[in-house]
Amino acid sequence: MKTTKAVALLFICALLTAAIVSCNKDFARVLPDKEYNDSVNVLYGKRKVLYIIADGARGTSVNAANVPNIKSLLPTAIYSWVGLNDPNSTTDVHNWADMLTGVKSSKHGVVTNDLEGNNLERYKPMFEYVKEITPTIKIASFSASNVFKTSLTTGADISEAYGTDAEVKTALVSNIETDTASLIIGHFNDIDDAGAQYGYDNSFPQYKAAIETFDGYVGEILNAVKSRPDYANEDWMIVIASSGGGAFTIPPNQNDNTVFSNTAANTFTIYSALKYNPRIITKPFTGNRYLGRTVRMYGQSVRAEIDTADVFNLGDTTEFTIELKVKKNEEKFYWPSVLGKRNEWSSGHPSVGWVIYLEDKYWYFEMRGTKDVNGYRQCRGRDLEPGQWKNLTVKCEIRAGRRYIRTYTNGQYDNEMDITDAGSLDNHNKLKLGYLNGNGHGEPNVYLSDIRFFKTDLPDATISQYACQTTIDEGHPYYTFLAGYWPCTDGQGDLMRDFGPQARDFKLQGDYQWEDFNDLICPPSAATLAQYVPQTTDIPSQIFNWFRIASRQSWDLDGRVWIDQ
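How each quantity is defined
Residues numbered from 1 in each chain as written. Predicted model: local features only at pLDDT ≥ 70, side-chain atom pairs only at ≥ 80, totals over all residues. Heavy atoms only, no water. Helix = DSSP H or I, 4+ residues; strand = E, 2+ residues; numbered from the N terminus. Buried < 20%, exposed > 50% of the residue type's maximum accessible area, 1.4 Å probe, protein only. Contact = heavy atoms within 4.5 Å. Areas by Shrake-Rupley, 256 points an atom, 1.4 Å probe, with all protein chains shown as cover. Lys, Arg positive; Asp, Glu negative; His and termini not counted. Charge placed at Lys NZ, Arg CZ, Asp CG, Glu CD. Disulfide = S-S within 2.5 Å. Core = buried A, V, L, I, M, F, W, Y, C linked by side-chain atoms within 4.5 Å. Expected span 1.5 Å × (residues − 1). Axes fitted to C-alpha atoms, helices over the stretch in contact; angles between N-to-C directions. Parallel < 35°, antiparallel > 145°, perpendicular 65-115°, else oblique. Nonpolar A, V, L, I, M, F, W, Y, C, P; charged D, E, K, R; others polar. Salt bridge = Lys/Arg side-chain N within 4 Å of Asp/Glu carboxyl O. Phe/Tyr/Trp six-rings, centres within 6.5 Å; stacked < 30°, edge-to-face > 60°. Lys NZ or Arg CZ within 6 Å of the ring centre and 35° of its normal. Pairing = 2+ DSSP bridges.

This part covers the overall build of the chain. Check the secondary structure of the chain and you find 14 helices and 24 strands. C-alpha extents for the chain along the principal axes are approximately 85 × 85 × 40 Å. Expressed as a percentage of its 565 residues, the buried residues of the chain come to 53%. Restricting the contact set of the chain to residue pairs at least 6 apart, pairs at least 24 apart contribute 70%. Of the roughly 24300 Å² that the chain leaves accessible, carbon and sulfur atoms contribute 49%. Of note, the chain has its 56 positive side-chain charges centred 6 Å away from the centre of its 69 negative side-chain charges.

As a further point, take the state of the cysteines. Covalent bonding between the sulfur atoms of two cysteines defines a disulfide. Per the counting criterion, the structure on display carries 1 disulfide. The disulfide partner of Cys468 is Cys522, and the gap between their sulfur atoms is 2.2 Å. Note on the Cys468 and Cys522 pair: the S-S dihedral is about -105 degrees, so by sign convention the disulfide is left-handed. With Cys468 in the loop between helix H12 (460-466) and strand E21 (482-486) and Cys522 in the loop between strand E24 (514-521) and helix H13 (526-530), the pair connects residues that are 54 residues apart, well separated along the chain. Overall, Cys522 belongs to the buried group, its relative accessible area being 10%.

What follows concerns the nonpolar core. Within the largest apolar cluster, 50 residues are counted, with the highest numbers of intra-cluster contacts made by Val49, Tyr51 and Ile543. The residues touching Tyr51, leaving out its near neighbours within four places in the chain, are Met99, Leu100, Met126, Ile184, Ile185, Gly186, Val239, Ile539 and Ile543.

Taking 1.5 Å as the rise per residue, helix H9 (residues 165-178) with 14 residues should run 20 Å; its terminal C-alpha atoms sit 20 Å apart, in good agreement. Inspection of H9 places Asp165, Val168, Lys169, Ala171, Leu172, Val173, Asn175 and Ile176 among the buried residues, and these make up the whole buried set. On its buried face, H9 sits against strand E1 (47-54), strand E3 (139-143), strand E4 (158-161), strand E5 (183-188), helix H10 (190-198) and helix H11 (205-226).

Buried residues dominate helix H7 (residues 126-133), accounting for 6 of its 8 residues. Where H7 is buried, its residues touch E1, helix H5 (92-101), E3, helix H8 (146-152), E5 and helix H14 (539-546).

Now for the packing of H9 against H11. H11 packs onto H9 with a crossing angle of 10 degrees between their chain directions and a minimal axis gap of 8 Å. Taken together, the axes of H9 and H11 lie roughly parallel to each other. Contact with H9, carried on its side by Asp165, Ala166, Lys169, Leu172, Val173, Ile176 and Glu177, involves Tyr217, Glu220, Ile221, Ala224 and Val225 of H11 and no other residues of that element. A per-class count over the contact of H9 with H11 returns 8 nonpolar, no polar and 4 charged.

Positive phi, normally seen in glycine, also occurs at Trp335, with a value near 75 degrees. Mapped onto the elements of the fold, Trp335 is located in strand E12 (residues 333-341). On the basis of relative accessible area, Trp335 is assigned to the partly exposed category, the value being 37%. The phi dihedral of Cys522 is positive, around 55 degrees, even though this residue is not glycine.

This brings us to the pattern of salt bridges. Proximity of charged atoms lets side chains of opposite charge pair with each other. Per the counting criterion, the structure on display carries 36 salt bridges. Lys138 serves as the salt-bridge partner of Asp179, at 2.8 Å between the closest nitrogen and oxygen. Taken together, the residues Asp179 in the loop between H9 and E5 and Lys138 in the loop between H7 and E3 connect sequence positions 41 residues apart. Using a relative accessible area of 14% as the deciding quantity, one classes Asp179 as buried. In this structure, Asp414 engages Arg382 in a salt bridge whose closest nitrogen and oxygen atoms are separated by 2.5 Å.

Moving on, we come to the packing of aromatic side chains. For the coordinates displayed, the defined rule picks out 24 aromatic pairs. With centroids separated by 5.7 Å and ring planes inclined at 65 degrees, the aromatic side chains of Tyr200 and Tyr207 adopt a geometry described as edge-to-face. Among the residues examined, Tyr200 registers a relative accessible area of 11% and is labelled buried. Relative accessible area serves as the criterion here: at 0%, Tyr207 is assigned to the buried category. Among the aromatic residues, those joined into a ring-pair cluster are Phe312, Phe453, Trp486 and Phe506. Positioned over the ring face of Trp546 is Arg47, at 4.1 Å from the centre of the ring. When the ring centre of Tyr298 is taken as reference, the NZ or CZ atom of Arg296 above it lies at 4.2 Å.

The subject of this paragraph is the sheet that holds strand E22 (residues 495-496). Within the open sheet, the 8 strands sit side by side as E15-E14-E13-E12-E19-E10-E23-E22. Their pairing is antiparallel. Of all strands in the sheet, those with a lone pairing partner are strand E15 (377-380) and E22, marking the two edges. Relative to strand E19 (residues 431-434), strand E10 (residues 303-306) runs antiparallel, the two being bridged by 4 bridges. In the sheet register, Ala304 faces E19, and the bridge partner there is Leu433.

We now examine the environment of Ile549. For Ile549, the position within the fold is in the segment after H14. When its relative accessible area of 3% is taken as the criterion, Ile549 is described as buried. Each C-alpha atom, one on Ile549 and one on Ser106, is 25 Å from the other, the two residues being 443 residues apart in sequence.

Attention shifts here to the pairing of E3. For E3, the buried fraction is high: 5 of the 5 residues fall into the buried class. Side chains Ile139, Ser141 and Ser143 of E3 all project onto a buried face; the interleaved residues Ala140 and Phe142 project onto the opposite face, where all are buried too. As paired strands, E3 and E5 are joined by 4 bridges and run parallel to one another. In the strand pairing of E5, Ser141 is matched with Ile185.

Take it as geometry only, folks, not as evidence of what the structure does.
So, in structure tokens, the structure goes:
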């Protein structure tokens, strides 16, 4: 009996030991559970990173050029030709700071070459974090810019600047052939110089030649890596990325009016390692096409009106939903009406009624009820990018005996305000599209279409589901509540016809013209789209991951790690 128990105990111990070893192996593949001060080479089998930065290299242009050395990395790479930098960046040093700190300028504060107002003590270049975790690792940086060298390479053991890209390449090759550095940075800017002088597109021979010259440098650098005496025992990740592209007017049929048509923000990123499976990250879905012919509401004269519009009054208990699509032609506006029903739209917000108007980059629903003797009320929507069709929704609902206005953009909830004590919004004024008479406000410059007026409050889910559809029919669950529907895409004549049950047409005023449009409808925001492609702020996180350095919460990084699946 004792022998049997002993055997059983040994068997259980063996199972537990095997389980522990197995778990430890799996866990070790991800990240260590404690801090190590040993050398990265000792812990992780001589892991190394070569990080090459090219200024001014538009991803689409690099992909279209003759770059055999760069593309030789792709069979073992996670890569994208449609990566993004910060679209608001206007300087190289801003881009470099993103690429070396792993956070955006709202944190690191680097926007000008003098680094005035920077916050690099709080959001450090990644070299300092690498040194904190693995003090024995050696870091070398070679740049074509003194600003790059002096401001953003704190923590590097070697940091040198040269006058030409050719000299940077030579220094890189020499270091790779002879040194023991595990993180090596090479920064090049000849492509940017060519783009600034001639143009940031391969249609300019000088720009294309600069890209292909850079590819030749990449070939020499890669050969130096592969020729290292101990290369077979080293584990390299090669990172090649552009810090940004440059301003160039792309053909209209390529312009989708999203961040991907901003040529200055277009980068490329390649993460190559022998253990990576190939993965290309392409441009995400940016929205459906919306085609038609409509009128631009512009200035004071070009507008549309419905004379007899009492049927569209909103009362003091009415639940309603108003939807319309807007494409503005300027970035900022100051108080022009786009749709409203009131006697005037003036400073002080006089007269009972309501108006949907534009302010700065965003939009508002503004109203004044019969009981609003001391003021007015307004509920804000979100920012609207110029050149993009956006769906605006205003809903009035009653909950627990109280009345609320809610705003939505592209079907997504924005804000809410309580109007229970506002009184009635009824008036005998016209329903006006575009300019609304008055003083103290700007003039519109917008296209308007697909206007829907429901005498009920649509559920949030329905607003979201149908916001980016460009027509409405009996299949809509609240079609029977439709009081007015104006596609505004008639294409000719002096009317924008109402296809709702009231048949109250908008009558066009002024020197109007019907214009064709072919655009995306409801494209996601730049911030949303950027999540789907590599960004320049991702690169430090990818490098930390390669070295098995766990990112600390206190670092507050903005980047993400890309995997090969």
